[in-house]
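Given next are the chains, with one letter for each unit.
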Amino acid sequence: MQLNERFEEFQSLGVNIAAISYDSHEQNSSFAEEQNLKYPILADQDATTVKGFGILNEEYTVGHPAYGIPHPGIIFVLPDATINFKRAVPGYKERPNLDELVLAVQQAALSS
């Protein structure tokens, strides 16, 4: 929800936002509609993407209903697929600081 509140700020910096969830496409679409999200939620039910980013919550093993849940995090990927900024936190109650991400985006813009 924090990303939704700052969506326009990221758009003004030229950043597109997407979330990743282990839920199905249908569940993600329903949630996005209910919450009036301004960005898409991508389905990653087999955890391929979260494993690739190194943010898989390993408390849950294959077969557990929560398998595939990532650690809450933010990843800033540049157009050339380089990861410029990555923050993930172990608990679901805490979220990475969006101000850090804005700073990383601004710094990336200055160096390009």
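Residues numbered from 1 in each chain as written. Predicted model: local features only at pLDDT ≥ 70, side-chain atom pairs only at ≥ 80, totals over all residues. Heavy atoms only, no water.

Participant: So what about unusual backbone geometry? Which residues, and what values?
Facilitator: Located in the positive-phi region is N36, a residue other than glycine, with phi close to 55°. Position of N36 relative to the elements: it lies in the loop between α3 (25–35) and β2 (41–43). On the accessibility criterion, N36 (58% relative accessible area) is exposed. (Helix = DSSP H or I, 4+ residues; strand = E, 2+ residues; numbered from the N terminus. Buried < 20%, exposed > 50% of the residue type's maximum accessible area, 1.4 Å probe, protein only.)

Participant: Pulling in residues and values, what's your account of the pattern of salt bridges?
Facilitator: Summed over the entire model, instances satisfying the criterion amount to 3 salt bridges. For E9, the salt bridge identified is with R6, shortest N-O distance 2.8 Å. We classify R6 as partly exposed; its relative accessible area is 21%. D99 is paired through a salt bridge with R6; the nearest N and O atoms lie 2.9 Å apart. Of the two residues, D99 is situated in helix α5 (residues 98–111) and R6 in the loop between α1 (2–5) and α2 (7–12); the sequence distance between them amounts to 93 residues. Residues participating in the shared-partner salt-bridge network are R6, E9 and D99. (Salt bridge = Lys/Arg side-chain N within 4 Å of Asp/Glu carboxyl O.)

Participant: Residue-level account of the nonpolar core, with values.
Facilitator: Counting 18 residues, the largest nonpolar core has L3, F10, I17, Y39, F76, F85 and L101 as its most contacted members. Sorting elements by how many residues they give to this core places α5 first, with 6 residues. Not counting residues up to four positions away in its chain, the partners in contact with L101 are F10, I74, F76 and F85. Core analysis: the next-biggest nonpolar cluster, separate from the first, contains 5 residues, A47, V50, I55 and L56 among them. (Core = buried A, V, L, I, M, F, W, Y, C linked by side-chain atoms within 4.5 Å. Contact = heavy atoms within 4.5 Å.)

Participant: Explain the pairing of strand β3 (residues 73–77) residue by residue, including any values.
Facilitator: Along β3, the buried face is formed by I74 and F76; none of G73, I75 and V77, which line the opposite face, is buried. Note: β3 against strand β4 (residues 83–88), 5 bridges, orientation antiparallel. The residue of β4 that forms the bridge with V77 is I83. The antiparallel hairpin formed by β3 and β4 contains 5 residues in its connecting segment, where A81 sits at a positive phi of about 75°. (Pairing = 2+ DSSP bridges.)

None of the figures reported here should be taken as evidence of function without further support.
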